[in-house]
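This is what each chain is made of:
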Amino acid sequence: QVQLVESGGGLVQPGGSLRLSCAASGSGFSINNMGWYRQAPGKQRELVASISRGGSTNYADSVKGRFTISRDNAKNTVYLQMNSLNPEDTAVYYCNTKAVRVGGGIESNYWGQGTQVTVSS
């Protein structure tokens, strides 16, 4: 029942910036950890960054210092500000959240549809 809608992908030159957004919706669910994953051609999906409800963050080593993850709990929205992009960042980026039904239950993973980020000159 939790749905994620993401936006903000596109084509950018090396050194450029993009901001991804992902809004979660689902009545009766508590949106817990949120994050961004990416999958490049021929590679496994990997964690880019995650953020807890309380604001604790973690990043893949490859994006530290360049990407910033943030969230707006009131809007159940997570953002990924991507600066100093390079061709290695080219991938489909997927929003993810771990959510549990209010009142108790099993925490489950939910995924967005993916948005393409292409870094090329």
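Since we're looking at a predicted model, the values are computed, not measured. (Residues numbered from 1 in each chain as written. Predicted model: local features only at pLDDT ≥ 70, side-chain atom pairs only at ≥ 80, totals over all residues. Heavy atoms only, no water.)

Time to look at the side chain of Thr77. Note on placement: Thr77 falls in strand β8 (residues 77–82). You can call Thr77 buried: its relative accessible area is 8%. Separated by 3.0 Å, the side chain of Thr77 and the backbone oxygen of Lys75 make a polar contact. When neighbours within four sequence positions are excluded, Thr77 is seen to be in contact with Cys22, Ala23, Ser70, Arg71 and Asp72. (Helix = DSSP H or I, 4+ residues; strand = E, 2+ residues; numbered from the N terminus. Buried < 20%, exposed > 50% of the residue type's maximum accessible area, 1.4 Å probe, protein only. Polar contact = N/O pair within 3.5 Å; in protein donor to acceptor, adjacent residues only side chain to side chain. Contact = heavy atoms within 4.5 Å.)

If you look at the biggest cluster of nonpolar residues, it comprises 30 residues, and the most contacted ones within it are Trp36, Val48, Phe67, Val78, Leu80, Met82 and Tyr93. Elements with a contribution of two residues or more to this core: β3 (18–25), β4 (29–39), β5 (46–51), β7 (67–72), β8, β9 (91–101) and β11 (115–119). If we ignore the near neighbours within four places in the chain, the residues touching Leu80 are Leu18, Arg19, Leu20, Trp36, Val48, Ala49, Phe67, Thr68, Ile69 and Tyr93. (Core = buried A, V, L, I, M, F, W, Y, C linked by side-chain atoms within 4.5 Å.)

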